[in-house]
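These are the residues of each chain, in order.
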Amino acid sequence: MLDFLGVPTQVLLGQVLLGLINGAFYATLSLGLAIIFGLLNIINFAHGALYMMGAFIAWIGLNYLGINYWYALLLAPVLVGAIGILVQRTLIVRIAHLDHLYGLLLTFGIALIVQGLFRNGFGSTGLPYQIPNALQGARNLGFMILPIYRGWVICASFVVCLATWFLIEKTKLGAYLRAATEDPVLTQAFGINVPLLVTLTYGFGVALAAFAGVLAAPIYSVDANLGGDLIIVVFAVVVIGGMGSIMGSIVTGFGLGVVEGLTKVFYPEASSTVIFAIMVLVLLIKPAGLFGRIA
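These notes cover the structure that comes with them.

Calculation notes
Residues numbered from 1 in each chain as written. Predicted model: local features only at pLDDT ≥ 70, side-chain atom pairs only at ≥ 80, totals over all residues. Heavy atoms only, no water. Helix = DSSP H or I, 4+ residues; strand = E, 2+ residues; numbered from the N terminus. Buried < 20%, exposed > 50% of the residue type's maximum accessible area, 1.4 Å probe, protein only. Contact = heavy atoms within 4.5 Å. Areas by Shrake-Rupley, 256 points an atom, 1.4 Å probe, with all protein chains shown as cover. Lys, Arg positive; Asp, Glu negative; His and termini not counted. Charge placed at Lys NZ, Arg CZ, Asp CG, Glu CD. Axes fitted to C-alpha atoms, helices over the stretch in contact; angles between N-to-C directions. Parallel < 35°, antiparallel > 145°, perpendicular 65-115°, else oblique. Phe/Tyr/Trp six-rings, centres within 6.5 Å; stacked < 30°, edge-to-face > 60°. Nonpolar A, V, L, I, M, F, W, Y, C, P; charged D, E, K, R; others polar. Core = buried A, V, L, I, M, F, W, Y, C linked by side-chain atoms within 4.5 Å. Patch = residues over 30% accessible without salt bridge, like charges linked within 9 Å, V, L, I, M, F, W, Y side chains within 5 Å. Salt bridge = Lys/Arg side-chain N within 4 Å of Asp/Glu carboxyl O. Disulfide = S-S within 2.5 Å.

Observations regarding the overall build of the protein
From N to C terminus, the protein includes 11 helices and 4 strands. C-alpha atoms of the protein, sized along the principal axes, occupy 65 × 50 × 35 Å. For the protein, buried positions account for 48% of its 295 residues. Expressed as a percentage of contacts within the protein between residues at least 6 apart in sequence, the contacts between residues at least 24 apart total 77%. A total accessible area of about 14,300 Å² is found for the protein, and carbon and sulfur atoms account for 69% of it. For the protein, the distance from the average site of its 11 positive side-chain charges to the average site of its 9 negative ones is 11 Å.

Laid out in structure tokens, this is it:
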């Protein structure tokens, strides 16, 4: 077996795979955050709680309603997206024109309420979610053993992220969204329903978080703290990629996941802080982020 800087190739590739899995969640979650901030100027601190809610909906559906994983992948984003639309229409719309701090405090309060409700209802012990039969097992790639489900997570996240980028950057609907962001009054003067676009955008952003939550359920234990620690890292990913940058969130999410995985091989002590160290360096060199633009 070949070595690289004293590390066996199989170990190195295994950490790259682990980094890509983490990067898949970073990219999908930061993409939702970037959409909400870039198009609505809302710092959505409730994103981690909605990610956790998606995982819980999948678990409840399987254990109480007999809804399998594949249906949960569709149902959870729709339900959480609908809840997001309700929150946006009843709460967030009232502070939409105020300073960003108000949106941050409001969504932080929503996150605490959601986490508290699920903690009281289901406890703090992690709940297992079974991998679907079609995705169980592993494949021998010759240089490493690849668990099928983890490969599926990487591919599914990548496809969803690219599809979202294409929708926003290359379609007429995306052009309407960007126009509504730049000049909502003029856009509405052309007959486009800007408030509806804003509402649907928020719903879509949180639906991405729920989709990531369903993907995470078979890998991590489903509990009320599932998104609590992750959301801080995801915010760092968004800052590094550039606040509001769609492609920046995707590239930075997957890239930083790999960097984090490799750090665990070469310098494990720094694995939990390497993303934040990179964030500091990026902000010192390019305050708008790698893909961001200064307003």
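So, the environment of I240
With respect to the secondary-structure elements, I240 resides in helix α9 (residues 230-241). Classification of I240 as buried rests on a relative accessible area of 1%. Linking I240 and Y149, residues 91 residues apart in sequence, is a C-alpha distance of 29 Å.

Some remarks on the packing of helix α6 (residues 172-182) against helix α8 (residues 194-216)
Put simply, α6 and α8 touch, their axes get as near as 10 Å, and they point 105 degrees apart. What the angle tells us is that α6 and α8 run roughly perpendicular. Two secondary-structure elements touch here, α6 through L173, Y176, L177 and A180 and α8 through V194, L197 and T201.

Examining the packing of aromatic side chains
Summed over the entire model, instances satisfying the criterion amount to 13 aromatic pairs. Here Y69 and Y129 contribute two aromatic rings whose centre-to-centre distance is 6.4 Å and whose plane-to-plane angle is 50 degrees, an arrangement assigned as tilted. On the criterion of sequence distance, the pair formed by Y69 in helix α3 (residues 69-90) and Y129 in the loop between α4 (100-122) and β3 (138-140) is long-range, its members being 60 residues apart. The class of Y129 is buried, set by a relative accessible area of 6%. Seen in terms of ring centroids, Y69 and Y149 are 5.8 Å apart; in terms of plane orientation they differ by 70 degrees. Their pairing is edge-to-face. With Y69 in helix α3 and Y149 in helix α5 (residues 148-170), this residue pair connects regions lying 80 residues apart in the sequence. Overall, the relative accessible area of 3% leaves Y69 in the buried class. We classify Y149 as buried; its relative accessible area is 2%.

So, the packing of helix α10 (residues 246-266) against helix α11 (residues 274-285)
α11 packs onto α10 with a crossing angle of 125 degrees between their chain directions and a minimal axis gap of 9 Å. By the angle between their axes, α10 is oblique relative to α11. In this structure, α10 uses L256, V259, E260 and T263 to contact α11, whose residues at the interface are V274, I275 and I278. The residue inventory of the contact of α10 with α11, partitioned by class, reads 5 nonpolar, 1 polar and 1 charged.

Focus: the nonpolar core
Counting residues in hydrophobic clusters, the biggest one holds 87 residues, and the most contacted among them are F25, Y51, Y69, Y129, L215, V222 and I275. Here the element with the most residues in this core is helix α1 (residues 9-40); it accounts for 13 residues. In this structure I275 touches Y26, V233, A236, I240, L256 and E260, once residues within four positions along its chain are discounted.

So, a nonpolar patch on the surface
Residues L98, L101, Y102 and L105 make up a contiguous nonpolar surface patch of roughly 420 Å² in combined accessible area. Relative to the elements of secondary structure, L101 occurs in helix α4. Here L101 falls in the partly exposed class, since its relative accessible area comes to 47%.

Considerations on the state of the cysteines
Within the structure shown, the criterion is met by 0 disulfides. Summary of cysteine pairing: C155 is not part of a disulfide, and the nearest cysteine sulfur, belonging to C161, is at 12 Å. A relative accessible area of 47% places C155 in the partly exposed class.

Read these as spatial facts, not as claims about activity.
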